[in-house]
There are 2 protein chains.
Amino acid sequence: MPETNSSGVLRIVPLGGLGEIGLNCLIVQYDDHAFAIDCGMMFPEHYMLGVDRVIPDPTFIKSFGDNFHGYVITHGHEDHIGALPYLLREFPAPVYAPPMAAGLITERLREHGLLSNTDLKVVRPGKSWEMGPFGIEPVHMTHSIVDACGLIIRTPIGTVVHSGDFKLDETPIDGPPSDLQRLSEVGDEGVLLLLSDSTNVEREGHTPSERVVRDGLDSVFAQCPGRVFFATFSSHIPRLRQVIELSQRHGRRIVVVGRSLNNSIRIATQLGHLDYPPSVFAEIGELSRLEPHQITLLTTGSQGEPMSALIRIAEGDHPQVKMVPDDAVILSARIIPGNEKSISNMINHLYRRGARPFHSGNTAAIHTSGHASQEELKQLMRIVRPRYFLPVHGEYRHLAQHQALAQAAGIAPESAFLLENGNVLEVTAAGARRVAPVQAGRIFVDGKGVGDVERVVLRDRNHLASDGFVLAVLAIDQHTGELISGPDLVSRGLAFEEEGQIHLEEATTVVRARLAQMSVASRTDTMEVKEEVRKALKRFFSRSLDRRPLIVPFVMEM
Amino acid sequence: MPETNSSGVLRIVPLGGLGEIGLNCLIVQYDDHAFAIDCGMMFPEHYMLGVDRVIPDPTFIKSFGDNFHGYVITHGHEDHIGALPYLLREFPAPVYAPPMAAGLITERLREHGLLSNTDLKVVRPGKSWEMGPFGIEPVHMTHSIVDACGLIIRTPIGTVVHSGDFKLDETPIDGPPSDLQRLSEVGDEGVLLLLSDSTNVEREGHTPSERVVRDGLDSVFAQCPGRVFFATFSSHIPRLRQVIELSQRHGRRIVVVGRSLNNSIRIATQLGHLDYPPSVFAEIGELSRLEPHQITLLTTGSQGEPMSALIRIAEGDHPQVKMVPDDAVILSARIIPGNEKSISNMINHLYRRGARPFHSGNTAAIHTSGHASQEELKQLMRIVRPRYFLPVHGEYRHLAQHQALAQAAGIAPESAFLLENGNVLEVTAAGARRVAPVQAGRIFVDGKGVGDVERVVLRDRNHLASDGFVLAVLAIDQHTGELISGPDLVSRGLAFEEEGQIHLEEATTVVRARLAQMSVASRTDTMEVKEEVRKALKRFFSRSLDRRPLIVPFVMEM
């Protein structure tokens, strides 16, 4: 249980996504009741060696027990839904999600064997519901996936508005624009607190409409005499619509490569977001019967991900699809920070195959962001006119700049806050302030293990990654202190065979010499022997190679 | 010795820099004679765990014996001089370098104890010299360091022009523009082959002049009420000139933080490239006696490098310099691909300190590249009018696009080549063609070791980085096959203590069970025992944790 609060206290507690891009999960607490907005994962940073994915620490969520009312999902991106299977397994709770997100979550829960145990409710803009002291109403927002929404949250002390991930696209291609009308009405009623997406706060002006991409892509299609490979994120249904319609116009049939795209298209079709006759698509087996100019291959792998279909095709390593000169490749996606090298590497391979890559570095208007730029962010603030403002979804730099931007939209500096994960904003009738933090952090998923890889394991992995290890095995007579066997040294990741062997032989001599200097009493003390062996080897490799392998002495007591 | 060539054969053999950014080293061979243009290093890619730097394989160079005439250096950047100490130690040869490069090389050779043994000659534009069958004449080019040059190389079968790293800056601030006049004269005489810098081939138009940066920086300085931290590369003397002069104009004194900057400024001052009274500078100890608006702190660390002064200051971890609100930080350098995350991380820390960062993401015209864009590249080709063209200095994507660009400058497609490291272009009076490749590759420097870390070591390091290792020690009686001691299991980097311990105990049982199934004959065969232990543990950890630790069985024969 969290500390007992006096009645009438609203607390906003980000568990993820404030201080990083991804891992979005934010707790809204009123007295002892709480729910989470989103439950996202993040891909590991470079130093998280061997980690598959990162999820938020659920400790704080679990502290509410039965008064935790569930997860309210704003949209179906991985950084908003990806941690659900892990957190639900430990701590089941209802999940409220708009249709497309619900479809994607269903897939994920099925994979994890959690579908039948999960109370998954489909929610829609304008249809509100009650959970404990909260009333929730989704509001339609435009974003780079269909069915994205913001949230209007009624609490006993006032209304909180959460933007979700959004842009104010006035000419979206997948439905109406963001529902500024409804937000304006809520603004008229009075909003206590606005939480708003900071991802693109460093961009001036307005984010171009999804519709702008159509012309850019059309002119690229017009230049392509051969096949078009089109790579984007599998859940970007608006973009998929565009490429399907462009392909129709240019007399191309769509071949979908990859499971996640097939899933996504199936779900969107079931929900009515994609509505095309089957003849629009072709099977991969039909490729050889179509002329190159009749083919669009739809793939994922826009980030050059190691096992994606596109990188395998680019490397000439895909069993069914070979790239040939005249093939064009359109990377219609942003570069996720950290992926620059692997994308560049993929582009090199595409040139090696003789293909023609179109990407943000050489072609404008083949992609537009799903996040609001500065003018849109200010517009939202002016429409909602909140008493308090809290930037969400961003690294510190984004949150700080969004906090500063609020002034330009008429929000007083002392009313715009800056929280990082675990920080707590407390709002009462009397005012708003930061209070003592709660437990928040990142949990690492590695293979089947959740949370068993922690800092010390990562430290060892980083140590091993840098200089490998040296294992020293020796057997010592526990009565005489005599060396019965060894020292035998084994190393991996330290140095190449021949050179390494010479060093290991020298190192063996060093260990023997050190043991010879020790008294019989010391030599029968296994801990002492280990420590001396470790020190001697550490010194030796530092001096001889300027390396610091992880040293593992193993003493067998005979 | 290389294979014997018939007389009159010119061969161009890139050993580094063609297929990557960095590691520039290219061999010009005529019959049995050869020299190298540049001898650069590269920082390791992400998968080269523990590697400090990467240098080119000198095997091919050594094959020329006494007919290798030395290294001709185009300018003093690390990717053109950084491998010299390593290659000179193994295979001494004369080094020809323009003054600034010679000054930087002198420092490096002194550090490596190679200064007195190296024949280092300072060369200048317009002053040519002979080496075996070659005549070499440096030609002044503008770049992001002073004393950069291209090379006019006379061979018995014609003239080769190498652009060096260059841009065609018409208003440089450190001397005259690139010497197009001289190149045009050489073009009039007839040029057999042009080698040209491909780094910026993806950029349209012209690269802005260094002078453009002055206005950009001036307007930033004008906005800064407090101290200015200015980060750029230590050898970027033109940029340092600008910031020194701007600081003078704005009433600021320069405090230089860091050894490489101090070295660089000292060398450039000795050579007359910087000429300022000592009062322009202040010591770090004087900081407290100056008003914030009187201070410019000059640092390196624009890439967020882990041990740089700037990141330590940003993290609040520098012993002498504390950052405070109102401090401004100007990152006046390009983002080197692969450094995006660490730079972004540093910017986050700067915001945390309350400082105001100016960088390419939020401020235009505080940096300009030192490499030519498309229009300049075409201009060089039109001036030199070579018979053959070979793009150098770039990844495959850059080389391929530069090859294509040559057509736009009137070079026939069959006259523009594309080589990667180790490929060989052979030019005779009869024509030019690619012939069989030579040995080329990358050598890894790790601590004191050069070349002892190879693919297999990196594979082990990557394996260890991902899942750690499990060591299994057991002692077996060589007559009875009886297990005398063990199996004792030790792991690092696999899983956190408590959970890990449970798995190790289970794993011990698994190993015992496997041994029990083996015949006495098998159990006395150490190799067989090792193999069985390895297999059993591999299977166990794959099933229980979905992880693949490196498994090291150690069997003591008693």
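In what follows, the structure referred to is the one given above.
Remember, predicted model here, so these are calculated numbers, not experimental data.

Draft legend 1. Molecular detail of the overall build of chain A. A count of helical and extended segments in chain A gives 16 helices and 26 strands. Structurally, chain A occupies a C-alpha span of about 85 × 70 × 45 Å along its principal axes. Expressed as a percentage of the 558 residues in chain A, the buried residues total 60%. Within chain A, counting contacts between residues at least 6 apart in sequence, those at least 24 apart form 72% of the total. Put simply, chain A shows about 21,400 Å² of open surface, and 49% of that area lies on carbon and sulfur atoms.

Draft legend 2. Region of the structure containing the relation of the copies chain B and chain A. Overlaying chain B on chain A yields an RMSD of 0.1 Å, the required transformation being a rotation through 180 degrees with an accompanying axial translation of 0.1 Å. The transformation just described matches what one would write down for a two-fold rotation axis. The rotation axis passes nearest to the C-alpha of Ala465(B) in chain B, at a distance of 2.3 Å. Most of the interface of chain B is mirrored in chain A, where 98% of its interface residues are also at the interface.

Draft legend 3. Representation of the packing of aromatic side chains in the model. Residues and elements named next belong to chain B. Applying the stated criterion across every chain yields a total of 15 aromatic pairs over all chains. Aromatic pair Phe 68 and Phe 91: ring centres 6.0 Å apart, planes at 50 degrees, arrangement tilted. Remark: Phe 91 occurs in the loop between helix H3 (84–90) and strand S6 (95–97) and Phe 68 occurs in strand S5 (residues 68–72); sequence separation between them is 23 residues. A single burial state applies to Phe 68 and to Phe 91, both of which are buried.

Draft legend 4. Layout of the interface of chain B and chain A. With 62 residues of chain B in contact, the opposing surface of chain A contributes 61 residues. Interface area for chain B against chain A, summed over the two sides, is near 5,500 Å², with a carbon-plus-sulfur share of 59%. At the junction of chain B with chain A, the criterion picks out 8 salt bridges. For Glu420(B), the salt bridge identified is with Arg352(A), shortest N-O distance 2.5 Å. There are 28 residue pairs in polar contact (both at pLDDT 80 or more) connecting chain B and chain A. Those elements that provide at least two residues to the side of chain B that touches chain A are helix H10 (340–352), helix H12 (396–408), helix H13 (455–467), strand S24 (469–476), strand S25 (483–492), helix H16 (526–545) and strand S26 (550–557) of chain B.

How each quantity is defined
- Residues numbered from 1 in each chain as written.
- Chains lettered and ligands numbered in written order.
- Predicted model: local features only at pLDDT ≥ 70, side-chain atom pairs only at ≥ 80, totals over all residues.
- Heavy atoms only, no water.
- Helix = DSSP H or I, 4+ residues; strand = E, 2+ residues; numbered from the N terminus.
- Buried < 20%, exposed > 50% of the residue type's maximum accessible area, 1.4 Å probe, protein only.
- Contact = heavy atoms within 4.5 Å.
- Areas by Shrake-Rupley, 256 points an atom, 1.4 Å probe, with all protein chains shown as cover.
- Least-squares fit on C-alpha atoms with pLDDT ≥ 70 in both.
- Phe/Tyr/Trp six-rings, centres within 6.5 Å; stacked < 30°, edge-to-face > 60°.
- Buried area = accessible area lost by both parts, 1.4 Å probe.
- Salt bridge = Lys/Arg side-chain N within 4 Å of Asp/Glu carboxyl O.
- Polar contact = N/O pair within 3.5 Å; in protein donor to acceptor, adjacent residues only side chain to side chain.

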